[in-house]
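In case you want the letters, here they are:
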Amino acid sequence: MPLYLGVMSGTSLDGLDIALIEHDQHTRLLATAYRSMPEQLRSDMLALCASGADELARAALAEQHWVELAATAIGELLQQQGLQSQQIRAIGSHGQTVRHEPARGFTIQIGNPALLAELTGICVVGDFRRRDVAAGGQGAPLVPAFHQTLFSDSSKHVAVLNVGGFSNLSLLSPGQEVLGFDSGPGNVLLDAWIQHCQGQAYDRNGDWAATGQVHAELLTRLLGDPFFAAQGPKSTGRELFNLDWLLRHLQTLAPIAAEDVQATLVELTAHSIVSALRRAQAQTDALLVCGGGAHNQCLMTRLGSLLPEAHVTSTADRGIDPDWVEAMAFAWLAHCALEGIPGNRPSVTGAHGLRVLGAIYPA
């Protein structure tokens, strides 16, 4: 069976996920690798999410370092698996999103697929999102089509929730077209607040949030953002939800204990997910969670409480480790590109039609 690699670097900027799959009629995860984002590279990438001096040169240098990190990790993974580069049909490389503004007609992921092909000796498929945006779509989320191949159930209404920096939902109802959209912040505000207050990269297991109490007025103000009331297709990013956005809201209120802010941010993530899910798919039998948020026990508990009618669990219950679903998806999208199979779903992104996604860089 053909072998593919998927490389995913999400909005959390914590590191690179690499998944080795085999795919013919079905997709099987064979091996994985993870590389933490070096602090300087993370800082450089984060700085590119906002305007600044000499952006073009800084972006070009940052993506070179990103590719070198990916290529080294891929080489080590192949060596561990006893594989040669010529045994891999293609790498699906998402790159690192630094800007996402589909309303203005653009989304930018940097990751120099040409250099990745040169360093690995493997065909690379990259730049997946811009074709969908060119066709009038949001360019995101792109994983619902893959979720459909893995998790659809002929007798149940299933929702797949990916919680990375941002949260996106895939809605899988029997006999119906897959639906999907971004529901709002996932970990992005949680990570930003604990970094701001404690210098920690993230709130492990949601332990800090669990020590706080939800601040009702802050939650109401945060949920008042127009994004949450908008219907899909829709997507979002750091351009909207960021630390400055949170601080502006906090400045309008009396001082709130830091742990209470963190607890309120968990509630914001959980409430926005469940509210959006109920509006778009009134009946949900199972909610399958993947991404880093699946490890946040505080968040998982709140999702279960807010959605008692559904079985809330991670994708591990379906045999897929929640940490690797997105990387697998971009490996699968590389397969689709090489076979001329459309990778987007207009019902998800709002594009004018089905499109083959990705630019191909031969080895």
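Everything numeric in this text was worked out from a predicted model, so none of it was measured.

Caption draft 1: Expanded view of the sheet that holds strand 9 (residues 179–185). The strand order 9-8-7-10-11 describes an open sheet built from five strands, whose pairing is mixed. The sheet is open, and its two borders are formed by strand 9 and strand 11 (311–314), each paired with just one other strand. Each adjacent strand pair in this sheet contributes to an overall mean axis angle of 20°, direction not counted. Sheet topology places strand 7 (residues 158–163) next to strand 8 (residues 166–172); six bridges connect them, and they run antiparallel. Across the sheet, the residue bridging to Ala-159 is Leu-171, located in strand 8. Running over the sheet, helix 11 (residues 297–306) touches strand 7, strand 10 (286–290) and strand 11 and is turned about 160° from strand 11.

Caption draft 2: The side chain of Thr-120, seen in detail. Mapped onto the secondary structure, Thr-120 falls in helix 3 (residues 113–120). Accessibility expressed as a relative area gives 11% for Thr-120, which makes it buried. In terms of polar contacts, Thr-120 uses its side chain to reach the backbone carbonyl oxygen of Leu-116, at 2.7 Å. At 3.3 Å, the side chain of Thr-120 and the backbone nitrogen of Ile-122 are in polar contact.

Caption draft 3: Just the UniProt feature "binding site: ATP" (unreviewed entry) in the protein, in detail. Following the UniProt record, the feature "binding site: ATP" (unreviewed entry) maps to Gly-10, Thr-11, Ser-12, Leu-13, Asp-14, Gly-15, Leu-16 and Asp-17 here. Among the structural elements, Thr-11 can be located in the loop between strand 1 (3–9) and strand 2 (15–23). Residue Thr-11 is classed as partly exposed on the basis of its relative accessible area, which comes to 22%. In contact with Thr-11, not counting residues within four places along its chain, are Gln-96, Gly-165, Phe-166 and Arg-238. Mapped onto the secondary structure, Ser-12 falls in the loop between strand 1 and strand 2.

Caption draft 4: Structural detail: helix 6 (residues 188–198). Of all the residues in helix 6, the buried ones are Val-188, Leu-189, Leu-190, Asp-191, Ala-192, Trp-193 and Ile-194. Elements in contact with the buried residues of helix 6: strand 8, strand 9, helix 9 (243–250) and helix 10 (258–280). After helix 6 finishes, the residue Gly-199 shows a positive phi value of roughly 75°.

Thresholds applied
Residues numbered from 1 in each chain as written. Predicted model: local features only at pLDDT ≥ 70, side-chain atom pairs only at ≥ 80, totals over all residues. Heavy atoms only, no water. Pairing = 2+ DSSP bridges. Helix = DSSP H or I, 4+ residues; strand = E, 2+ residues; numbered from the N terminus. Axes fitted to C-alpha atoms, helices over the stretch in contact; angles between N-to-C directions. Contact = heavy atoms within 4.5 Å. Buried < 20%, exposed > 50% of the residue type's maximum accessible area, 1.4 Å probe, protein only. Polar contact = N/O pair within 3.5 Å; in protein donor to acceptor, adjacent residues only side chain to side chain. UniProt positions renumbered as here; feature names shortened; annotations may be inferred.

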